[in-house]
Every structure is written in C-alpha cells, then in structure tokens.
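# Close look at the chain arrangement
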Amino acid sequence: MILFVDYDGTLHPSWTFHDGAPRVTAKPYTGPWLVEAPTLEGILRPYLPRLEIVISSLWARTKGLETARGMLPPTLADRVIGSIWSTAESGRELERRTRYDAIRAWLDQQRPKHMTWLALDDDDRGWPMQERNRLVHAKDTLASSEVQQELAEKLAACCGGGTGGLEVSISARSRQND
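### Considerations on the sheet that holds strand β7 (residues 135–137)
Taken together, the 5 strands give an open sheet; going across it, the order is β5-β4-β1-β6-β7, and neighbouring strands pair in parallel fashion. The outermost strands of the open sheet, each flanked by one partner alone, are β5 (80–83) and β7. Between one strand axis and the next, the sheet turns through 20° on average, direction left out of account. Strand direction decides the pairing type here: strand β1 (residues 2–5) and strand β6 (residues 117–121), joined by 4 bridges, are parallel. Bridged to F4 within β6 is A119.

### Comments concerning the pairing of β6
Each regular strand carries side chains that alternate between the two faces of the sheet. The element β6 is extensively covered by neighbouring structure, given that 5 of its 5 residues are classed as buried. Residues W117, A119 and D121 point to one face of β6 and L118 and L120 to the other, with burial holding for every one of them.

### Some thoughts on the packing of aromatic side chains
Within this structure, the stated rule accounts for 6 aromatic pairs. Between Y7 and W59, the ring centres sit 5.9 Å apart and the planes meet at 70°, which makes this aromatic pair edge-to-face. Here Y7, found in the loop between β1 and β2 (15–20), pairs with W59, found in helix α2 (residues 59–62); they are 52 residues apart in sequence, far enough to count as distant. With respect to class, Y7 is no different from W59; both count as buried. Among the aromatic residues, ring-to-ring pairing joins F4, Y100, W106, W117 and W127 into one connected group. Against the face of W59 rests K63, its NZ or CZ located 5.0 Å from the ring centre.

### Re the nonpolar core
With 45 residues, the main nonpolar core has F4 and L40 as its most contacted residues. It is helix α6 (residues 99–110) that contributes the most residues to this core, 5 residues altogether. Residues in contact with L40, not counting those within four places in the same chain, are L3, V5, L11, L76, L120, L142 and L151.

### With respect to the confidence of the model for the chain
Should the pLDDT be low somewhere, the predicted coordinates at that spot are not to be read in detail. Averaged over every residue, the pLDDT of the chain is 82; the share at 70 or more is 80%. Scored below 50 in pLDDT, residues 161–178 shows 17 contacts in the model against residues more than four places distant or in partner chains.

### Remarks on unusual backbone geometry
Trans peptide bonds make up the majority, and among non-glycine residues the majority have a negative phi. Located in the positive-phi region is L34, a residue other than glycine, with phi close to 50°. For L34, a relative accessible area of 5% puts it in the buried group.

### Some details on the environment of L48
Inspection of the secondary structure puts L48 in the loop between α1 (37–44) and β4 (52–55). A relative accessible area of 13% places L48 in the buried class. Linking L48 and L76, residues 28 residues apart in sequence, is a C-alpha distance of 8.0 Å. For L48, the contacting residues outside a window of four places in its chain are T75, L76 and R79.

Rules behind the numbers
- Residues numbered from 1 in each chain as written.
- Predicted model: local features only at pLDDT ≥ 70, side-chain atom pairs only at ≥ 80, totals over all residues.
- Heavy atoms only, no water.
- Pairing = 2+ DSSP bridges.
- Helix = DSSP H or I, 4+ residues; strand = E, 2+ residues; numbered from the N terminus.
- Axes fitted to C-alpha atoms, helices over the stretch in contact; angles between N-to-C directions.
- Buried < 20%, exposed > 50% of the residue type's maximum accessible area, 1.4 Å probe, protein only.
- Phe/Tyr/Trp six-rings, centres within 6.5 Å; stacked < 30°, edge-to-face > 60°.
- Lys NZ or Arg CZ within 6 Å of the ring centre and 35° of its normal.
- Core = buried A, V, L, I, M, F, W, Y, C linked by side-chain atoms within 4.5 Å.
- Contact = heavy atoms within 4.5 Å.
- pLDDT = per-residue confidence, 0-100.

What follows is the structure, encoded as structure tokens:
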C-alpha cells in the first residue's frame, strides 16, 4: 500500500490566526514544523511493514527529498520511497497540475498497476468523485480527531481487504450519513 503525504496544512497548519480588535488576521504559519508527525506515526504503526510513503508536499521539491524525509520520525522516514516531484516531468509542469493529477502522474510512471493507495492532503481541488475515497481530506490538519478517524478507517479498509473493502466501507458510511 502507498500513502501520499502532504506537509503544509496536513502535518502542521498553513496559517495562524490572530485576534486583533476589530478583526482577525491570518499570517503564514512559521513553525514548529510537522507537529502532527507523531500522530501520523501512531496511526500508521500497525501498517508500517506493508506501507510505502511518497511525499506529495512541495517541500520535497523546494528543500529536496532527503531533507523532507529527514523531517519525519525515523520510523516514517524509513518507509519513504520518493516524492511526486521526482517524475520525468519538470517541477513547473507538475506545479500547474492539481495534487490528484500529480499523484496520478507518479503512479502512472512509477507503479502503473498499483491499485492500493491513499492520499493524506489538505488540498482536495481536482479530485474526481470516483477517486475521492482515496483522499483523506485533512481540512483541519491531522490534529482533527475526525481526520485521524477517517485515516484509520481507510487504512484498515485498504490493508484489511484491499480497495474493494475501502469502497464498501466508504459506501456504507455515506449511506449512514444520508
């Protein structure tokens, strides 16, 4: 199983908010970085022997894969096999794509027949409806218990019964919410 992991907005906030009367202002987050990496490590621990991680964060392009990998806890860093930024296409071409398209390009080039994968990302733009079951949308970072639960459920479905189990699990949950 492959897990595509983003950093900004997923393992740490993208913005900080300051309540200054009369209005709230937003400023880019300046650290500490990857504060939710230990949370991710805890959720992934049961699956690590069967899990490969691909960094989908732009940090792997701007800071380099080894630097981005080195920011993760060692147990996660050891599972990193690459980044979506290491395909034959130039980084500029990939930057114009949606995150989903960049992941799909990596899969098509690196693992064309690989069927079991998920993405943990705060950017859900461009995800086709038929592939949304592969996205854990970290809209509130991994600090959110809802995001943690969704990741745990999807990992259990993928690793316990393959993509068929994932589709059944998500479909059943969708019906419960109707």
